[in-house]
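In case you want the letters, here they are:
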Amino acid sequence: MVILVTGATGQVGSRFVPRLLDRVPDGTTVRVLVRDERRAEPFAARGAQVAVGEMRDPAVVRAALKGVDAVVNIAAAFRGVPEEEAWEVNAHAALALGEAAAEAGVARFVQVSTNLVYGLGRGRPHEEDDASQPGGPLWGAYPASKAEAERTLLALHRERGLDVRVGRLAFVYGDGDPHLSQSTRLAQRWPGCRRLQMVHHADVAQGLMRLLFTEGIAGRAYNIADEAPCTLVELHQLNHTPVPDGLGTQLDDDPWSGIVSVERARRELGFRPVYPTVWTAREAGAL
């Protein structure tokens, strides 16, 4: 089996690929598609194949897909990029990769998405069959483009038979990822009681590998998250930063925004978080 991973040198990919290399069955090859070959040297040293080039280049994608059985598409344009780039990478390039994978006879395609695609809250944890409703405190080009990628790739599954499965990640942290330290700045206008659902890199890897290897789940999406959303006040405590005056007096007008159920992943994938809360990760020294 040959597995192609895109976005391998990003915050998620750089922590996923080593875990994947540790756990794939004997005889399995991991190939990474990167723009900077030097950043992939640690993967190559551990036996990964390295394909170099831009994912938005069709010729690069065709070459990277030769002989591939499965794709894990982690590549994403996130915060701090122009909206046009977010749409090009997250939606258009993802669909082009899926179409090229279908043409190349790839058997399985794992699309990495975000819990932000749900948008507005529903008065309960979001479930995978909930439609996207744009809006909410973190809505923007990133979740909008990821939602579009999901829609078009799942349509590709229905129309051309490509085995697409989607993993919707909560706010990713751990293993020295700076996301956690940045969280209070990202949420600085939130009320203190607003909650952020999170997932540790160890559980991202677990969830994506379960998506990759589980049989019989084509065309389905799964939330990948921990079990205890964290309030903004708690984020300040985790980061050892003062809680701003008056933060605790504000009310949350959408307390279910971004909060998801992981029941489907537990039931169908056997997903059980290694770190069910950020506090257990802190106690384990895994932040």
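Please read all numbers here as calculations on a predicted model, not as lab measurements. (Residues numbered from 1 in each chain as written. Predicted model: local features only at pLDDT ≥ 70, side-chain atom pairs only at ≥ 80, totals over all residues. Heavy atoms only, no water.)

1. A short note on the pattern of salt bridges
Line of reasoning, step 1. In total, this model carries 20 salt bridges according to the counting rule given.
Line of reasoning, step 2. Measuring nitrogen to oxygen at the nearest pair gives 3.8 Å for the salt bridge that ties R35 to E54. A residue pair is termed long-range when its members are at least 10 positions apart, and R35 in the loop between strand 2 (29–34) and helix 2 (41–45) and E54 in the loop between strand 3 (49–52) and helix 3 (58–64) qualify at 19 residues.
Line of reasoning, step 3. Note on R35: relative accessible area 64%, which makes it exposed.
Line of reasoning, step 4. Residue E54 is classed as partly exposed on the basis of its relative accessible area of 25%. (Salt bridge = Lys/Arg side-chain N within 4 Å of Asp/Glu carboxyl O. Helix = DSSP H or I, 4+ residues; strand = E, 2+ residues; numbered from the N terminus. Buried < 20%, exposed > 50% of the residue type's maximum accessible area, 1.4 Å probe, protein only.)

2. Looking at helix 7 (residues 201–213)
Line of reasoning, step 1. In a regular helix each residue adds 1.5 Å, so 13 residues correspond to 18 Å; helix 7 covers 18 Å between its end C-alpha atoms and thus fits that length.
Line of reasoning, step 2. Inspection of helix 7 places H201, A202, D203, V204, A205, Q206, G207, L208, M209, L211 and L212 among the buried residues, and these make up the whole buried set. (Expected span 1.5 Å × (residues − 1).)

3. A word on the packing of helix 1 (residues 13–23) against helix 7
Line of reasoning, step 1. As a packed pair, helix 1 and helix 7 sit with axes 9 Å apart at the nearest point and diverge in direction by 55 degrees. In this view, helix 1 runs oblique relative to helix 7, as classed from their interaxial angle. Handedness of the crossing formed by helix 1 with helix 7: right-handed. Contacts between helix 1 and helix 7 pair R15, F16, R19, L20 and R23 from the former with H201, A202, A205, L208, M209 and L212 from the latter. (Axes fitted to C-alpha atoms, helices over the stretch in contact; angles between N-to-C directions. Parallel < 35°, antiparallel > 145°, perpendicular 65-115°, else oblique. Left-handed = near helix turned anticlockwise from the far one by under 90°. Contact = heavy atoms within 4.5 Å.)

4. Digging into the packing of aromatic side chains
Line of reasoning, step 1. Summed over all chains, the structure comprises 1 aromatic pair.
Line of reasoning, step 2. Seen from their ring centres, F78 and Y142 are 4.2 Å apart, and the 65 degrees between their planes marks the pair as edge-to-face. Residue F78 is found in the loop between strand 4 (70–73) and helix 4 (83–103), and its partner Y142 is found in helix 5 (residues 141–160); the two are separated by 64 residues along the sequence. (Phe/Tyr/Trp six-rings, centres within 6.5 Å; stacked < 30°, edge-to-face > 60°.)

5. Topic: the sheet that holds strand 2
Strands belonging to one sheet form pairs held by backbone hydrogen bonds; the direction of such a pair is parallel or antiparallel.
Line of reasoning, step 1. The strand order 3-2-1-4-5-6-10 describes an open sheet built from 7 strands, whose pairing is parallel. If you trace the sheet from one side to the other, it starts and ends with strand 3 and strand 10 (221–224), each paired once. Put simply, the sheet's adjacent strands are angled 20 degrees from each other on average, direction ignored.
Line of reasoning, step 2. Those strands touched by helix 4 are strand 1 (2–6), strand 4 and strand 5 (108–114), and its axis lies near 170 degrees from that of strand 5.
Line of reasoning, step 3. Relative to strand 5, helix 5 is tilted by about 155 degrees, and along the sheet it contacts strand 5 and strand 6 (164–169). (Pairing = 2+ DSSP bridges.)

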